[in-house]
There are 2 protein chains.
Amino acid sequence: MEELKERIRAEGRILPGNIVKVDGFLNHQVDTRFLGQIADEFAKYFDISKVTKILTAEASGIALAAICSYKYGIPMVFAKKAKSDNIEGGLYRSDVFSYTYKKKVTLICSSDWITPKDHVLIIDDFMANGVAMRGLLGIVEQAGAKLEGIGVAIEKGFQHGGDKLREEGYPLKSLAIIESADENGFTFRED
Amino acid sequence: MEELKERIRAEGRILPGNIVKVDGFLNHQVDTRFLGQIADEFAKYFDISKVTKILTAEASGIALAAICSYKYGIPMVFAKKAKSDNIEGGLYRSDVFSYTYKKKVTLICSSDWITPKDHVLIIDDFMANGVAMRGLLGIVEQAGAKLEGIGVAIEKGFQHGGDKLREEGYPLKSLAIIESADENGFTFRED
């Protein structure tokens with residue numbers, strides 16, 4: 001998605017440790033009108049008419065998933081990081097190691113909201129090594145739901161989490177794949 | 001907002017410890033079309049034309065704030081719970097005690113995204129004792145920005161966090177104020 005690559009080039013920053021910051025429009029301040037354009041772009045790649053639930057993980061995926069949900073008219077579900085008392089019984093759980101927080105995080109999702117009847121589109125703002133995505137896929141699998149697609153706004157291609165998923169046959173579409181992010185700026189994989 | 005009270009009556013559940021669960025449409029599974037109606041309702045109470053930023057706190061406020069942001073055409077900012085390495089320097093910080101997680105949580109927000117020029121509408125899905133809201137107000141104050149309003153979907157009136165804010169003159173509008181939630185169901189404060 002050319003507009004997304006342009007925003008990353010214009011506004012993205014690169015921090016030590018290959019951290020890519022796009023917190024001016026995607027995951028701290030959020031340009032929700034632009035997220036609407038991203039939602040329209042995903043709709044070109046997935047058959048939205050089949051989708052019954054949009055699934056994401058808290059926290060930074062929620063804004064994009066919410067806009068997709070609103071535009072498509074499909075409810076969204078966000079998997080929570082365990083610890084809250086507000087979720088009891090009937091849970092799917094996926095343990096993932098968070099490189100952001102440098103510890104194990106358990107994603108949980110109530111079995112009330114993803115069921116074997118559901119057709120799930122997973123939406124996330126970012127993918128690097130793909131561990132959070134594996135957690136979401138684990139929830140879809142535990143639910144016995146059908147995965148209709150995985151839509152990611154920005155993939156860090158040089159960490160290869162997306163490549164492994166594609167090799168395994170997962171229907172993943174990332175709208176901008178960063179091949180390198182260094183003192184020379186951003187290089188994107190060709191579509 | 002009558003439709004919101006009806007959804008709480010129809011779908012809300014009451015757990016021990018006065019925990020009100022509305023996780024079928026607001027904060028786990030999310031009915032974003034309904035959030036659009038909530039956004040329209042807030043627009044009756046606040047002068048949206050003056051607002052330059054919508055501010056909320058991760059995680060569960062993000063979906064509602066994103067839909068408000070999208071409908072109004074105003075960027076949103078979500079304050080993060082401290083711990084991520086992805087936010088450096090130039091930060092506003094507010095320490096709040098989280099009753100959900102039973103520990104101190106520090107809300108952080110980059111000074112890049114809320115500035116003295118901003119007119120801020122705070123949006124959150126839930127308010128109980130108001131400590132998370134105090135954290136967001138602290139960020140607006142540290143930024144030297146102007147507070148245009150506080151919009152809350154559901155207030156737990158019996159915990160009186162909202163009452164204190166109103167007594168102090170804050171422009172708070174909650175669309176459904178629960179006065180009691182017990183074996184007799186939900187009772188709402190009259191508008």
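Residues numbered from 1 in each chain as written. Chains lettered and ligands numbered in written order. Predicted model: local features only at pLDDT ≥ 70, side-chain atom pairs only at ≥ 80, totals over all residues. Heavy atoms only, no water.

(A) Focus on the packing of helix α1 (residues 2-11) of chain A against helix α2 (residues 32-45) of chain A. Residues and elements named next belong to chain A. Contact geometry of α1 with α2 gives a least axis separation of 10 Å together with a crossing angle of 140°. On the basis of their axis angle, the class for α1 and α2 is oblique. Note on element contacts: α2 touches α1 through F34, Q37 and I38, opposite E3, L4 and R7. By residue class, the composition of the contact of α1 with α2 is three nonpolar, one polar and two charged. (Axes fitted to C-alpha atoms, helices over the stretch in contact; angles between N-to-C directions. Helix = DSSP H or I, 4+ residues; strand = E, 2+ residues; numbered from the N terminus. Parallel < 35°, antiparallel > 145°, perpendicular 65-115°, else oblique. Contact = heavy atoms within 4.5 Å. Nonpolar A, V, L, I, M, F, W, Y, C, P; charged D, E, K, R; others polar.)

(B) Quick peek at the interface of chain A and chain B. Taken together, the contacts link 47 residues of chain A with 48 residues of chain B. Together, H28, Q29 and Y70 of chain A form the three largest contributors to the area buried by chain A at its contact with chain B, with a combined 19%. The interface formed by chain A and chain B contains zero salt bridges. At the junction of chain A and chain B, the tally comes to 22 residue pairs in polar contact (both at pLDDT 80 or more). Elements with a minimum of two residues in the side of chain A that touches chain B: β1 (13-15), β2 (19-21), β3 (29-30), α2, α3 (61-72), β5 (76-81) and β7 (103-110) of chain A. Element by element, the count of residues in the side of chain A that touches chain B is highest for α3 of chain A, at eight residues. When the residues that make up the side of chain A that touches chain B are grouped by side-chain class, the tally is 20 nonpolar, 13 polar and 14 charged. Sheet analysis places β5 of chain A next to strand β3 (residues 29-30) of chain B, joined by two bridges and oriented antiparallel. Looking at the pairing, V77 of chain A lines up with Q29 of chain B of β3 of chain B. (Buried area = accessible area lost by both parts, 1.4 Å probe. Salt bridge = Lys/Arg side-chain N within 4 Å of Asp/Glu carboxyl O. Polar contact = N/O pair within 3.5 Å; in protein donor to acceptor, adjacent residues only side chain to side chain. Pairing = 2+ DSSP bridges.)

(C) Examining the packing of α2 of chain A against α3 of chain A more closely. Residue and element names in this part refer to chain A. Contact geometry for α2 and α3: axes closest at 9 Å, N-to-C directions at 65°. Two packed elements cross with a definite hand, and for α2 against α3 that hand is right-handed. Contact with α2, carried on its side by T32, L35, G36, I38, A39, D40, F42 and A43, involves A63, L64, I67, C68, K71 and Y72 of α3 and no other residues of that element. Class assignment of the residues belonging to the contact of α2 with α3 gives a composition of ten nonpolar, two polar and two charged. (Left-handed = near helix turned anticlockwise from the far one by under 90°.)

(D) Molecular detail of the nonpolar core. If you look at the biggest cluster of nonpolar residues, it comprises 82 residues, and the most contacted ones within it are L4, I8 and I38 of chain A together with L4, I8, I38 and I54 of chain B. The contacts of I38 of chain B, once residues within four sequence positions are left out, are M1, L4, L64, A153 and L175 of chain B. (Core = buried A, V, L, I, M, F, W, Y, C linked by side-chain atoms within 4.5 Å. Buried < 20%, exposed > 50% of the residue type's maximum accessible area, 1.4 Å probe, protein only.)

(E) Structural view of unusual backbone geometry. Residues and elements named next belong to chain A. Each neighbour pair has its own omega, and for E58 with A59 the value is 5°, a cis peptide bond. In this model, H160 sits at a positive phi of 65°, which is unusual for a non-glycine residue. The exposure class assigned to H160 is partly exposed, which follows from its relative accessible area of 39%.

Note that every value here comes from positions in space, so none of it alone points to a role or purpose.
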